[in-house]
Amino acid sequence: MLASSVVIKTEQDIEKLRVSGRLAAQVLAMIGEYIKPGVSTEYLDDICHDYIVNTLNVIPANIGYYGYTKTTCISPNEVVCHGIPSATHILQDGDIINIDVAIIKDGYFGDTSRMYYVGSVKPEAKKLVDTTYEAMLAGIKAVKPDATLGDIGFAIQSVAQREGFSIVKDYCGHGIGKVYHEQPSVLHYGKPGLGLKLKKGMVFTIEPMVNIGRGSVKELQDGWTVVTTDKSLSAQWEHMVAVTDTGFELLTPWPEGTGDYPEIK
């Protein structure tokens, strides 16, 4: 699914990506109040679709992408990524879910995801969600000119494994711009100093998937939904970042701030 080369973005490109990234983040801020026990994942997807199309007046990027039919990916509990919203999947108290949204504004993509709690969750689930956020934050803070993709992966991996959790190695972050998925592939594990060297103007997502159990996953027969093979809980967060002169710029900041989570700066 990746374009073949790394595209260095101009300042004009990055300004457009700031807009698309912030719009995508607005969708995830909006949907939070609707997440509660008893609602279906399709209900949440429908709300996101209406907001994207009729309030933001932008294009939902996922619809039709390789045949995908929904606006968002909604991945509860043991679903690692690419969960298809469904009228029959009803959220239960104690669930954790990831909602992943992508939009297109003026030809530029915005792509981001967040974790949400459904009612009251168990401490082990909260620890997984918090650790995955910390791992993403560590990866983002490793971004600067002349750092490497291996530095990012190592930072993420170190946080997750410190808590005895596993990194999903089958899926990764990606370059983004006028193309949804382009180079580079941003692995969430690695060795310091190895891999592509970062340059100002690169834009990509960092989106670690972390499992409580083993890191192995499988794709279901629907051709999209990815689950943990041992049915253990999985969590994921995603942000878009640009490499700057001295570090990184977050392109998908939460409009309401990070709340109980550490700031990304």
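Residues numbered from 1 in each chain as written. Predicted model: local features only at pLDDT ≥ 70, side-chain atom pairs only at ≥ 80, totals over all residues. Heavy atoms only, no water.

1. Overview of the environment of Leu194
- With respect to the secondary-structure elements, Leu194 resides in the loop between strand S8 (182-186) and strand S9 (203-206).
- When the C-alpha positions of Leu194 and Phe154 are compared, they lie 9.8 Å apart, and in sequence the two are 40 residues distant.
- In this view, Leu194 contacts Thr148, Leu149, Gly150 and Asp151; residues no more than four positions away in its chain are not counted. (Helix = DSSP H or I, 4+ residues; strand = E, 2+ residues; numbered from the N terminus. Contact = heavy atoms within 4.5 Å.)

2. What about the pairing of strand S4 (residues 96-105)?
- Among the 10 residues that make up S4, nine are buried, leaving the element largely enclosed by the rest of the structure.
- Note that strand S1 (residues 59-60) and S4 share two bridges and pair antiparallel. Residue pairing in the sheet places Pro60 in a bridge with Ile103 of S4.
- Relative to S4, strand S2 (residues 72-76) runs antiparallel, the two being bridged by five bridges. Looking at S4, one finds that Ile74 is bridged to Ile99.
- The sheet contact formed by S4 and strand S5 (residues 108-117) spans 10 bridges and is antiparallel. Within S5, the position partnered with Asn98 by the bridge is Met115.
- Hairpin remark: S4 followed by S5, antiparallel, with two residues in the connecting loop; positive phi at Asp106, about 55 degrees. (Buried < 20%, exposed > 50% of the residue type's maximum accessible area, 1.4 Å probe, protein only. Pairing = 2+ DSSP bridges.)

3. Quick look at a nonpolar patch on the surface
- Taken together, the side chains of Val6, Ile8 and Leu196 define a hydrophobic patch exposed on the protein surface, amounting to about 210 Å² of accessible area.
- By the element assignment, Leu196 lies in the loop between S8 and S9.
- Here Leu196 falls in the partly exposed class, since its relative accessible area comes to 35%. (Patch = residues over 30% accessible without salt bridge, like charges linked within 9 Å, V, L, I, M, F, W, Y side chains within 5 Å. Areas by Shrake-Rupley, 256 points an atom, 1.4 Å probe, with all protein chains shown as cover. Salt bridge = Lys/Arg side-chain N within 4 Å of Asp/Glu carboxyl O.)

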